[in-house]
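For reference, the chains in residue letters:
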Amino acid sequence: PMQPSIQHDADAGRFTTQVDGHTGYVEYEQHPDRLVLTHTIVPAAIQRRGIAGQLVQAALEHARAHGLKVEPRCSYADAWMQRNPGYADLRA
């Protein structure tokens with residue numbers, strides 16, 4: 001399946017994607033040295049397509065590119081990081 005395009009809305013503190021007219025997003029708080037991931041929201045209509053994981057990964061890639069650590073306060077993001085040890089170095 002095609003990767004959905006993910007936008008970074010820095011003003012809202014979100015990484016968002018539109019799929020079939022639904023919006024999924026990861027919400028974060030920006031701190032000087034880290035991103036705190038607070039919520040991962042994917043509507044039921046577009047769940048089970050790996051979208052939440054792609055959103056979390058986009059947030060982590062952004063953090064890595066900007067030299068930030070990540071504090072996954074959201075249980076989904078926390079579990080995703082545990083399943084993807086390549087990102088363990090980013091954990092705050």
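Here we summarise the structure given alongside this text. (Residues numbered from 1 in each chain as written. Predicted model: local features only at pLDDT ≥ 70, side-chain atom pairs only at ≥ 80, totals over all residues. Heavy atoms only, no water.)

Turning our attention to the nonpolar core. Judged by nonpolar contacts, the single largest core of 23 residues is most densely connected at Leu-37, Val-56, Leu-60 and Val-70. When residues of this core are traced back to their parent elements, those giving at least two are β2 (14–19), β3 (22–30), β4 (34–41), α1 (51–65) and α2 (75–83). For this core, the leading source of residues is α1, giving seven residues. Setting aside its immediate chain neighbours within four residues, Leu-60 contacts Val-70, Trp-80, Met-81, Tyr-87 and Leu-90. (Core = buried A, V, L, I, M, F, W, Y, C linked by side-chain atoms within 4.5 Å. Buried < 20%, exposed > 50% of the residue type's maximum accessible area, 1.4 Å probe, protein only. Helix = DSSP H or I, 4+ residues; strand = E, 2+ residues; numbered from the N terminus. Contact = heavy atoms within 4.5 Å.)

For the structure shown, the criterion picks out eight salt bridges. In this structure, Arg-14 engages Glu-27 in a salt bridge whose closest nitrogen and oxygen atoms are separated by 2.9 Å. Of the two residues, Arg-14 sits in strand β2 while Glu-27 sits in strand β3, which places them 13 residues apart along the sequence. The salt bridge involving Glu-29 is made with Arg-73; its shortest N-O contact spans 3.9 Å. Placement of the pair is Glu-29 in strand β3 and Arg-73 in the loop between β5 (69–72) and α2, with a sequence separation of 44 residues. Here Glu-29 falls in the partly exposed class, since its relative accessible area comes to 35%. Within this structure, Glu-29, Asp-33, Arg-34, Glu-71 and Arg-73 form a network of salt bridges that share partners. (Salt bridge = Lys/Arg side-chain N within 4 Å of Asp/Glu carboxyl O.)

The tally for this structure, following the rule as stated, stands at two aromatic pairs. On the numbers, 5.6 Å between centres and 40 degrees between planes, the contact of Phe-15 with Tyr-28 is tilted. Here Phe-15 is found in strand β2, whereas its partner Tyr-28 is found in strand β3, with 13 residues between them in sequence. Judged by relative accessible area, which is 4%, Phe-15 ranks as buried. (Phe/Tyr/Trp six-rings, centres within 6.5 Å; stacked < 30°, edge-to-face > 60°.)

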